[in-house]
Amino acid sequence: MSTAGLVSRRDCSHQLHVLAVDDSVVDRKFVERLLKISSCKVTAVESGIRALQFLGLDGEKKETAGFDGLKVNLIMTDYSMPGMNGFELLKKIKESSTLKEIPVVIMSSENILTRVDRCLEEGAEEFIVKPVKLSDVKRLKNILTKGDKGQNEEDPLLSLPLSSHDLASSSTSSSSPFKFLDHRSKRPRLQG
Amino acid sequence: MAYVGQLQRKFVEYTKSLYREGIVDKQFTQLHNLQDESNPDFAEEVVTLFFTDSQRLLNELTNALEQQDVDFNTVDAYVHQFKGSSSSVGAQRVKDLCISFRTLCEQQNKELCLRCLQQVKLEYASFKSKLESLFQLEKQIVEAGGTIPTID
């Protein structure tokens, strides 16, 4: 499988920044590679606590209003982690006024209906069964970049950078870039 | 030229045998094909991380099962991690053993768990040695100026 041709022509001006959270060093490296191949900027951390710290929600410092280049467009988190698990991290993010617009995807090796249901109900955009595939990442990326297609037909370089800030203010119906999907669907995603 | 061809043929045959014997599954294919010119050693890097992590997990498992009063929740947590990482690198047989291992943890059967751990160690050692041989072959191909065949 060649990786050439996957680079989007819009990447130079607004790469998607994905925060990947997983306690497994093997999985972190793997997901990081999938994201980089898909031309995303990646920050990979090992725990929910670290993720919150990175997002500026560690309680010690206030999140700044300005763009500091660290804006995250998508959070992909493992479900089973020691300490704060993926569900708890999801809850914290959705409870935060500054972070709740950032789409969160849960990854898990266990495709358990009640787990999937709980995560989707709490606001997760999708539940991905591990091992994550390149096609999963490509699909997520397509969904996120479709989010601002209506705004700039002429020059892609002028399109707004996809950030949580922009997502909150740009769309009228739903602020989620996943509005194209019925993201309240409770069907667990089957591993294809 | 002929030398590279020989190495490549050896690589192809060896890889096919690994799949045939169920040592690796299609997740390994995915991993391997994430390599490119700018990241030629990606699969090896990930698998090396897996080796280090596995050693830690196997040590923890051995320790946990040697306790007077085995905490099966702890054992299960380690097996779960091992199952996850072996699944991510495509170590099929190791992963399958971990799945059985978890059932034994649920049953809280110390004797069977110990036996299963032994099997896991053996299977893991086999996986490690075979992958090391595979990566060695890859290095030889690259050193001889050739390209590593893509696995399909």
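Residues numbered from 1 in each chain as written. Chains lettered and ligands numbered in written order. Predicted model: local features only at pLDDT ≥ 70, side-chain atom pairs only at ≥ 80, totals over all residues. Heavy atoms only, no water.

Re the interface of chain A and chain B
Applicable threshold: What makes two residues a contact is simply this: any of their non-hydrogen atoms within 4.5 Å. Here the buried area means the combined drop in accessible surface, using a 1.4 Å probe, for two parts upon being joined, counting both sides. By convention in these notes, a salt bridge is any Lys or Arg side-chain nitrogen within 4 Å of a carboxyl oxygen on Asp or Glu. Counted as a polar contact is a pair of N or O atoms within 3.5 Å, where, for protein atoms, one must be capable of donating a hydrogen and the other of accepting one, and residues adjacent in sequence contribute only when both atoms are in side chains. Strands here are runs of E lasting at least two residues and helices are runs of H or I lasting at least four, both read from the DSSP assignment and numbered beginning at the N terminus.
With 17 residues of chain A at the contact, the number on the chain B side is 23 residues. Buried surface at the junction of chain A and chain B, both sides included, amounts to about 1800 Å², of which 60% is carbon and sulfur. Between the two partners, chain A and chain B, sit three salt bridges. When the shortest N-O distance is used, the salt bridge between arginine 33 of chain A and aspartate 36 of chain B registers 3.2 Å. One can count six residue pairs in polar contact (both at pLDDT 80 or more) joining chain A with chain B. Counting residues per element, the side of chain A that touches chain B draws most heavily on helix α1 (residues 25-37) of chain A, at eight residues.

Quick notes on the nonpolar core
Where we set the bar: Remark: nonpolar core denotes a set of buried residues (Ala, Val, Leu, Ile, Met, Phe, Trp, Tyr, Cys) joined through side-chain atoms within 4.5 Å. Classification of residues uses two cut-offs on accessible area relative to the type maximum, computed with a 1.4 Å probe and protein chains only: under 20% is buried, over 50% is exposed, and between them is partly exposed.
If you look at the biggest cluster of nonpolar residues, it comprises 67 residues, and the most contacted ones within it are Met76 of chain A together with Leu31, Val75, Phe82, Phe101, Phe127 and Leu131 of chain B. Listed in part, the 25 residues of the second largest apolar core include Val72, Met84, Leu120 and Phe127 of chain A.

Thoughts on the packing of aromatic side chains
Residue and element names in this part refer to chain B. Applicable threshold: Here the aromatic set is Phe, Tyr and Trp, taking the six-membered ring for Trp, and pairing holds for ring centres within 6.5 Å; pairs whose planes are under 30 degrees apart are stacked, those over 60 apart are edge-to-face, and all others are tilted.
Applying the stated criterion across every chain yields a total of seven aromatic pairs over all chains. For the pair phenylalanine 50 and tyrosine 124, a centre-to-centre distance of 6.0 Å together with 70 degrees between the ring planes defines the contact as edge-to-face. Here tyrosine 124 lies in helix α6 (residues 110-143) and phenylalanine 50 lies in helix α3 (residues 42-66), a separation of 74 residues in the sequence. Tyrosine 124 gets classed as buried once you look at its relative accessible area, which sits at 3%.

Considerations on the environment of serine 85 of chain B
Position of serine 85 of chain B among the secondary structure elements: in helix α4 (residues 72-89). On a C-alpha basis, the gap between serine 85 of chain B and aspartate 53 of chain B in space is 8.5 Å, while along the polypeptide they are 32 residues apart. Excluding residues that lie within four positions of it along the chain, serine 85 of chain B makes contacts with Val26 of chain A together with Phe50, Asp53 and Leu57 of chain B.

Comments concerning the pattern of salt bridges
Here the structure, examined in full by the defined rule, presents 19 salt bridges over all chains. Each member of the salt-bridge network shares a partner with another, and the members are Asp22, Asp27, Asp78 and Lys130 of chain A.

Thoughts on the pairing of strand β4 (residues 104-108) of chain A
All names here are of chain A. Let me state the cut-off plainly: Between any two strands, at least two bridges found by DSSP are needed for them to pair. Clockwise travel from the first strand over the helix to the second, with the strands pointing away from the viewer, marks a crossover as right-handed.
Across the five residues of β4, five count as buried, placing the element largely inside the fold. Of the two faces of β4, the one lined by Val104, Ile106 and Ser108 and the one lined by Val105 and Met107 are each fully buried. In the sheet, strand β3 (residues 74-78) pairs with β4 via four bridges, with the strands oriented parallel. By the bridge assignment, methionine 76 is partnered in β4 with valine 105. Taken together, β3, helix α3 (residues 86-95) and β4 form a β-α-β motif whose crossover is right-handed. The pairing of β4 with strand β5 (residues 126-129) spans four bridges and is parallel. Considered in β5, the bridge of valine 105 is made with glutamate 126. Read as a crossover between parallel neighbours, the route from β4 over helix α4 (residues 113-121) to β5 is right-handed.

Remarks on the UniProt feature "modified residue: Phosphohistidine" (unreviewed entry) in chain B
Heads up, the rule is: UniProt positions are given in the numbering used here, feature names are shortened, and annotations may be inferred rather than shown by experiment.
This chain's UniProt record puts "modified residue: Phosphohistidine" (unreviewed entry) on His80 of chain B. Its location among the elements puts histidine 80 of chain B in helix α4. Excluding anything up to four places from it in sequence, histidine 80 of chain B contacts Ser80, Ser109 and Glu110 of chain A together with Arg102 of chain B.

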